[in-house]
Amino acid sequence: MTNDEAIDQVGRAADALDNLATGLVCMPGLDPSIHIAALKESLPQLRDELREAYIQLTGENPWETHP
């Protein structure tokens with residue numbers, strides 16, 4: 001992954017987090033279990049993508065010792 005790709009990945013992750021947050025506010029009538037299921041599926045993936053981009057951009061992996 002190049003630095004430009006890492007930066008793009010951070011932007012996509014930010015957009016995905018925004019979509020999840022907006023869904024919580026704009027769809028309050030939706031069963032809470034659906035919101036929770038979406039968060040459970042999306043948050044670990046977004047965490048991993050952000051960590052990958054951070055490692056690419058900084059050359060450091062602070063999660064090596066504390067996953």
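Residues numbered from 1 in each chain as written. Predicted model: local features only at pLDDT ≥ 70, side-chain atom pairs only at ≥ 80, totals over all residues. Heavy atoms only, no water.

1. A short note on the overall build of the protein
Applicable threshold: Secondary structure elements are taken from DSSP: a helix is a run of H or I of four residues or more, a strand is a run of E of two residues or more, and numbering for both begins at the N terminus. In this description the radius of gyration comes from C-alpha coordinates, and the expected globular size is given by 2.2 Å times residues to the power 0.38. Exposure categories follow from relative accessible area, calculated using a 1.4 Å probe and restricted to protein chains: below 20% of the type maximum is buried, above 50% is exposed, and the middle band is partly exposed. Contacts between residues were defined by any pair of non-hydrogen atoms, one from each residue, lying within 4.5 Å. With residues, only the protein chains shown are counted as cover, and all accessible areas are computed by Shrake-Rupley using a 1.4 Å probe. In summary, the charge assignment counts Lys and Arg as positive and Asp and Glu as negative, without counting His or the chain termini. Each charge is placed at NZ for Lys, CZ for Arg, CG for Asp and CD for Glu.
Each helix and strand in the protein was counted, giving two helices and zero strands. At 14 Å, the protein has a C-alpha radius of gyration far larger than the 11 Å of a compact globule built from 67 residues. Counting only C-alpha atoms, the protein reaches 45 × 25 × 15 Å along its principal axes. Put simply, the protein has 67 residues, and 12% of those count as buried. A separation of at least 24 residues holds for 58% of the contacts in the protein among residues at least 6 apart in sequence. Here the protein has roughly 4900 Å² of accessible surface; of this, 58% comes from carbon and sulfur atoms. Considering the protein, the positive charge centre built from 4 side chains and the negative charge centre built from 12 side chains are found 8 Å apart.

2. As for the pattern of salt bridges
Side-chain pairing between opposite charges can occur once the charged atoms of the two side chains come close. Cut-off, in case you're wondering: By salt bridge we mean one thing: a side-chain nitrogen of Lys or Arg within 4 Å of a carboxyl oxygen of Asp or Glu.
Under the defined criterion, the tally for this structure stands at two salt bridges. Taking the shortest distance from any N to any O, the salt bridge between D48 and R47 comes out at 3.0 Å. Using a relative accessible area of 39% as the deciding quantity, one classes R47 as partly exposed.

3. Overview of the packing of aromatic side chains
We apply this condition: Each aromatic pair joins two rings of Phe, Tyr and Trp (for Trp, the six-membered one) with centres within 6.5 Å, and gets the label stacked for planes under 30 degrees apart, edge-to-face for over 60, and tilted for any other angle.
Taken as a whole and assessed by the stated rule, the structure comprises one aromatic pair. Consider the rings of Y54 and W63, whose centres lie 5.4 Å apart with planes at 80 degrees: the pair is edge-to-face. Classification of Y54 by relative accessible area gives partly exposed; the value is 35%.

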